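# Reading the structure
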Amino acid sequence: MTHVRHRVLVLLAGAVGLVAMLASLSVATASTTRTAGSDSAAATMKPPKVPNAAALKSKYGGQSITFVGDSVGGGHQRDTALATKFAKDTGIKVKVVPHPAASDASYSQLARAFSTHSSSIDVAMVDVVWPGAFAPFLVDLKPKLGAQSKLHAPGIVASDTVDGKLVAMPWFGDFGMLYYRTDLLKKYGYSKPPTTWTQLFAMAKKIEDGEKATSANFSGFVFQGNAYEGLTCDSLEWIASSGGGHFIDNGKATINNARAAAILDLFRKNIGVTTPRGVTTYQEGETHTAFIDGDAAFMRNWPYAYSLAQAKGSKVAGKFAVAPLPRGPGGGSVATVGGWQLAVSKYSKHQDASIEFVRYMTSKAVEKFDTITNSNVPTIPSLARDPQVRKAAPYLNPATANVPRATRPSTVLGAKYNEGSKAIYQAISRILNGAPAASVLPGLQSQLQALIK
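My aim in this report is to walk through the structure given alongside it, one point at a time. (Residues numbered from 1 in each chain as written. Predicted model: local features only at pLDDT ≥ 70, side-chain atom pairs only at ≥ 80, totals over all residues. Heavy atoms only, no water.)

### Topic: the overall build of the chain
In terms of helices and strands, the chain carries 21 helices and 14 strands. A globule of 453 residues ought to have a C-alpha radius of gyration of about 22 Å, and the chain, at 21 Å, matches this closely. A burial count over the chain gives 59% of its 453 residues as buried. Residue pairs at least 24 apart in sequence account for 78% of intrachain contacts in the chain once pairs closer than 6 positions are excluded. Counting only carbon and sulfur atoms, one obtains 56% of the accessible surface of the chain, whose full area is about 16600 Å². Of the charged side chains in the chain, 48 are positive and 30 negative, and the gap between their average positions amounts to 3 Å. (Helix = DSSP H or I, 4+ residues; strand = E, 2+ residues; numbered from the N terminus. Rg over C-alpha atoms; globule rule 2.2 N^0.38 Å. Buried < 20%, exposed > 50% of the residue type's maximum accessible area, 1.4 Å probe, protein only. Contact = heavy atoms within 4.5 Å. Areas by Shrake-Rupley, 256 points an atom, 1.4 Å probe, with all protein chains shown as cover. Lys, Arg positive; Asp, Glu negative; His and termini not counted. Charge placed at Lys NZ, Arg CZ, Asp CG, Glu CD.)

Put into structure tokens, the structure is as follows:
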């Protein structure tokens, strides 16, 4: 189908565009942590004013819309603050509803609403891999937001454009990275973070063994190990960085290979050894909680966790840094492409008011606010030159930002992506919970091959 071929090209372009944009954020070295000054700015920064508010109030004041927004980290608090400001300035009431924590559950929520033509959702955040599947149910934003879309990285805008229609607007980007405790590395004689998975597990075990004497809950390494979309993202990084492919390559399922099996077995053998036994139930929240509470030496997570780890009350503030994720034999460090967009439902009873809310939420001023207060990756390249952004965003340093990106197989699977991802994370979960990879991967490869159009 032309639609599927189009999505292949634009999502790849989006990944390249995001990498290029991030590369321009030359802010610090990989070991830099946020300063107290930027923390203070984040704590006191107010949501920006809504431009042209009086005109919007005269047109749409009194209307009510529902926004299905973020639920990870400080995302819901950010959404509520911005929606409150938007409502105050424009008179448009915004009900903010956090989406389910698991990305696939959020997908299902939207799919149900769209399939029943429900008007219960006006604006929704959508994963970077969803625009192709949801395009028939989304408003074309190009007539009203086409000019503003030119502020954003062209590749990301392209990935939100389906059959010539701008079905979503870039909101913030994402990529996986390694968080590590600088104080503990120094304490145990390490001068730099690990560059291979084998090194990571060895360092994690040494640190864990030492810290267990005074902290019974301490573990070496935490990540998103629950059976949900996050595990698809994490395991893609393990496998791709080991030369094991991307689940599906060149139109064929490729997951059943020796390199993929080896790295998955390495992770399986470290469950309950350098990780908590319960890591197989961890999503983002449990992962960052363990790290922020000082109960882990290493963490794989997204950029949002940076602001939480540096916030008042964090036990690791000023004691951590970020680096590229490790690599396996036969590969190099990679980071899964993530990111979220904002879209308007075709079944909204207040489409114009909803579009104005999206205009505000994807504006340069709001992206700056989000980067500084919630450590999300801006999709507007010019923000790289903003002094406040440069000061607040050391996690976007070139050493980490220039890491090659791995893309989930949404372009090949199209509308069947959610089904394919479920097959992936359920299979990886079985491995992490004790099944040898060789006993699981042949079946997973067959499942994925059957879904390929």
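That was the structure; now back to the text.
### Focus: the pairing of strand β7 (residues 177-181)
Burial of β7 is extensive: 5 of the 5 residues sit out of reach of the surface. On β7, burial covers both faces: M177, Y179 and R181 on one face and L178 and Y180 on the other are all buried. Judged from the 4 bridges that link them, β7 and strand β12 (residues 320-323) form a sheet pairing that is antiparallel. Residue pairing in the sheet places Y179 in a bridge with V322 of β12. (Pairing = 2+ DSSP bridges.)

### Some details on the packing of aromatic side chains
Summed over the entire model, instances satisfying the criterion amount to 24 aromatic pairs. On the basis of an interplanar angle of 15 degrees and a centroid distance of 3.8 Å, the ring pair of W238 and F267 is categorised as stacked. Of this pair, W238 sits in helix α11 (residues 229-240) while F267 sits in helix α12 (residues 258-270); the two residues are 29 residues apart in sequence, bridging distant segments of the chain. The residues W238 and F267 share a single accessibility class, namely buried. Put simply, the rings of F67, F86, W171, F172, F357 and Y360 pair up and form one aromatic cluster. Between R300 and the ring centre of W302, over which it is positioned, the NZ or CZ distance is 4.1 Å. The ring of F175 is capped by R405, whose NZ or CZ atom sits 4.5 Å from the centre of that ring. (Phe/Tyr/Trp six-rings, centres within 6.5 Å; stacked < 30°, edge-to-face > 60°. Lys NZ or Arg CZ within 6 Å of the ring centre and 35° of its normal.)

### Quick word on the packing of α11 against helix α20 (residues 417-432)
Between α11 and α20, whose axes approach to 8 Å, the crossing angle comes to 70 degrees. Considering their axes alone, α11 and α20 lie roughly perpendicular with respect to each other. Between α11, through E229, L231, T232, S235 and W238, and α20, the contact on the second element is made entirely by Y417, S421, I424, Y425, I428, S429 and L432. Class assignment of the residues belonging to the contact of α11 with α20 gives a composition of 7 nonpolar, 4 polar and 1 charged. (Axes fitted to C-alpha atoms, helices over the stretch in contact; angles between N-to-C directions. Parallel < 35°, antiparallel > 145°, perpendicular 65-115°, else oblique. Nonpolar A, V, L, I, M, F, W, Y, C, P; charged D, E, K, R; others polar.)

### Structural notes on unusual backbone geometry
In the Ramachandran plot, N52 falls in the positive-phi region, its phi being about 60 degrees despite a non-glycine side chain. Looking at the element boundaries, N52 is found in the loop between α2 (36-44) and α3 (53-60). By relative accessible area, N52 is classed as exposed at 56%. Positive phi values are uncommon outside glycine, yet F247 reaches one of about 75 degrees. Tracing the backbone shows F247 in the loop between α11 and β9 (248-249). Assessed through its relative accessible area of 0%, F247 is described here as buried.

### A few points about helix α4 (residues 75-90)
At 3.6 residues per turn, the α-helix brings residues three or four places apart onto the same side. Across its 16 residues, α4 extends 22 Å between first and last C-alpha, which sits within 8% of the 22 Å expected from 1.5 Å per residue. Inspection of α4 places G75, R78, D79, L82, A83, K85, F86, D89 and T90 among the buried residues, and these make up the whole buried set. Here the buried residues of α4 occupy an arc of 160 degrees about the axis, which is enough to place them on one side. Of the residues in α4, the exposed ones pointing more than 90 degrees away from the buried face are Q77 and K88. Packed against the buried residues of α4 are α3, β1 (64-69), β2 (93-98), β6 (169-175), α15 (351-361) and α16 (364-374). G91 occupies a position one or two residues after α4 and carries a positive phi of about 80 degrees. (Expected span 1.5 Å × (residues − 1). Arc of directions from axis to C-beta.)

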